[in-house]
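# Per-entry structural report
Residues per chain are reported as follows:
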Amino acid sequence: MKVLLSRDEIQARVREMGQQITRDYAGREPHLVCVLKGGCTFLTDLAREIDLPLSLDYMAVSSYGAATKSSGEVRMLKDLDQSLEGRDVLIVEDIVDTGLTLNYLLNLLRTRGPRSMKVASLLSKPSRRLVEIPVDYVGFTIDDLFVVGYGLDYNEKFRNLPHIAVYGA
Ligand code: IMP
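The structure contained in this document is the topic of the report that follows. (Residues numbered from 1 in each chain as written. Predicted model: local features only at pLDDT ≥ 70, side-chain atom pairs only at ≥ 80, totals over all residues. Heavy atoms only, no water.)

## Examining the sheet that holds strand 1 (residues 2-5)
How we decide: Any two strands with at least two DSSP bridges between them are considered paired. Secondary structure elements are taken from DSSP: a helix is a run of H or I of four residues or more, a strand is a run of E of two residues or more, and numbering for both begins at the N terminus.
The strand order across the open sheet formed by 3 strands is 1-9-8, and the pairing between neighbours is antiparallel. Of all strands in the sheet, those with a lone pairing partner are strand 1 and strand 8 (147-148), marking the two edges. The pairing of strand 1 with strand 9 (residues 164-166) spans 3 bridges and is classified as antiparallel. Across the sheet, the residue bridging to leucine 5 is isoleucine 164, located in strand 9.

## Structural notes on helix 3 (residues 100-110)
Heads up, the rule is: Type-normalised accessible area, obtained with a 1.4 Å probe on protein chains alone, sets the label of each residue: buried when under 20%, exposed when over 50%, and partly exposed for intermediate values. In this context, the arc is that of the directions from the helix axis out to the C-beta atoms. Two residues form a contact once any of their heavy atoms are found within 4.5 Å.
Listed as buried for helix 3 are Thr101, Leu102, Leu105, Leu106 and Leu109. All buried residues of helix 3 project into a common sector of 125 degrees when viewed along the axis, lining one side. Turning to helix 3, the residues buried within the fold contact strand 2 (31-36), strand 3 (55-62), strand 5 (88-96) and strand 6 (116-124).

## Regarding the layout of surface pockets
To be explicit about the condition: Points on a 1 Å grid over protein atoms alone make up a cavity when a 1.4 Å probe fits among them but cannot get out, and a pocket when they form an open set with protein on both sides within 12 Å along at least five of seven lines; lining residues each have an atom within 4 Å of a point. Grid points are joined across faces, edges and corners, and a volume is the space filled by probe spheres set on the points.
Of the voids in this model, the second largest pocket is the one considered here, and its volume is about 200 Å³. Around the second largest pocket, the lining residues are Arg7, Ile10, Gln11, Val14, Thr41, Asp45, Glu49, Tyr150, Arg159, Asn160, Leu161 and Pro162. Listing elements by their share of the lining of the second largest pocket, those giving two or more residues are helix 1 (7-24) and helix 2 (40-48). Ranked by residue count, the leading element in the lining of the second largest pocket is helix 1, at 4 residues.

## Structural notes on the site of the ligand
Our working definition: By convention in this text, a residue qualifies as near a molecule or strand provided that one of its non-hydrogen atoms is within 4 Å of it. Each polar contact in these results corresponds to two N or O atoms within 3.5 Å; when the atoms are within protein, one needs to be able to donate a hydrogen and the other to accept it, and residues that are neighboring in sequence are counted only if both atoms are side-chain atoms. For this classification, the nonpolar set comprises Ala, Val, Leu, Ile, Met, Phe, Trp, Tyr, Cys and Pro, the charged set comprises Asp, Glu, Lys and Arg, and every other residue, Gly included, is treated as polar.
By nearness alone, 17 residues border the ligand, and Asp94, Thr98, Gly99, Thr101 and Val147 come closest of all. Here an oxygen atom of the ligand and a side-chain polar atom of threonine 98 are 2.5 Å apart. Residue valine 147 places a main-chain N or O atom 2.6 Å away from a nitrogen atom belonging to the ligand. Of all elements in the fold, only strand 5 and helix 3 reach the threshold of two or more residues within the shell around the ligand. Sort the elements by how many residues they give to the shell around the ligand and strand 5 lands first, with 4 residues. Considering only residue class, the shell around the ligand consists of 8 nonpolar, 4 polar and 5 charged.

## Some points on the pattern of salt bridges
In plain terms, the rule: Think of a salt bridge as a Lys or Arg side-chain nitrogen and an Asp or Glu carboxyl oxygen that are within 4 Å of each other.
Counted under the stated rule, the structure contains 13 salt bridges. Linking arginine 159 and aspartate 153 is a salt bridge whose minimum nitrogen-to-oxygen distance equals 3.5 Å. Note on aspartate 153: relative accessible area 22%, which makes it partly exposed. Salt bridges sharing common partners tie together Lys37, Asp153, Glu156 and Arg159.

## A word on the packing of aromatic side chains
The following threshold applies: Each Phe, Tyr or Trp ring, with Trp reduced to its six-membered ring, pairs with another whose centre is within 6.5 Å; inter-plane angles below 30 degrees give stacked pairs, above 60 give edge-to-face pairs, and intermediate values give tilted ones.
Per the counting criterion, the structure on display carries 4 aromatic pairs. For the ring pair phenylalanine 146 and tyrosine 167, a centre distance of 6.4 Å and an interplane angle of 85 degrees mean the geometry is edge-to-face. Of this pair, phenylalanine 146 sits in the loop between strand 7 (137-141) and strand 8 while tyrosine 167 sits in the segment after strand 9; the two residues are 21 residues apart in sequence, bridging distant segments of the chain. When its relative accessible area of 22% is taken as the criterion, phenylalanine 146 is described as partly exposed. Site record: aromatic cluster; members linked through ring pairs are Phe146, Tyr154, Phe158 and Tyr167.

So, in structure tokens, the structure goes:
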């Protein structure tokens with residue numbers, strides 16, 4: 001498969017994002033909410049580039065099943081363990097495609113009383129957006145391609161690739 005983003009390119013960009021987040025959250029303690037499973041690889045790398053005390057929590061949602069097209073339906077598979085009350089929440093996503101998943105999550109998590117809520121996504125496909133949503137930190141903007149690797153899957157495969165590749169290419 002064709003490599004879209006190499007391991008080195010990803011590492012360099014994740015480091016920059018971590019530095020930016022460190023500056024923006026100086027004096028605060030961000031609470032990173034990881035959206036499983038795709039966001040997990042990005043989260044573990046990003047968290048280590050943030051030079052601040054922080055906490056982590058995980059949630060799992062499903063919007064795709066085994067297909068490459070979004071159904072628009074979001075199912076909660078695993079909820080957070082901790083409360084968001086009064087916290088500076090940073091949602092960590094692998095990719096924002098149509099935006100439907102993130103839109104659902106933002107609406108849900110806003111009801112739980114966070115002090116602030118921002119989004120960091122490694123990838124964004126703006127040409128596919130169906131709902132406008134704020135993505136505060138974007139690693140890379142990509143074309144309308146289906147990509148795998150660095151946490152992203154096709155039918156649960158390829159999550160372990162150290163780079164990001166274009167599926168089928
Ligand atoms: P959205 O709701 O359409 O924004 O889709 C978000 C979710 O779809 C992501 O968190 C991914 O799990 C999945 N997804 C979207 N595009 C891709 C892709 O190119 N490769 C792998 N998964 C994708």
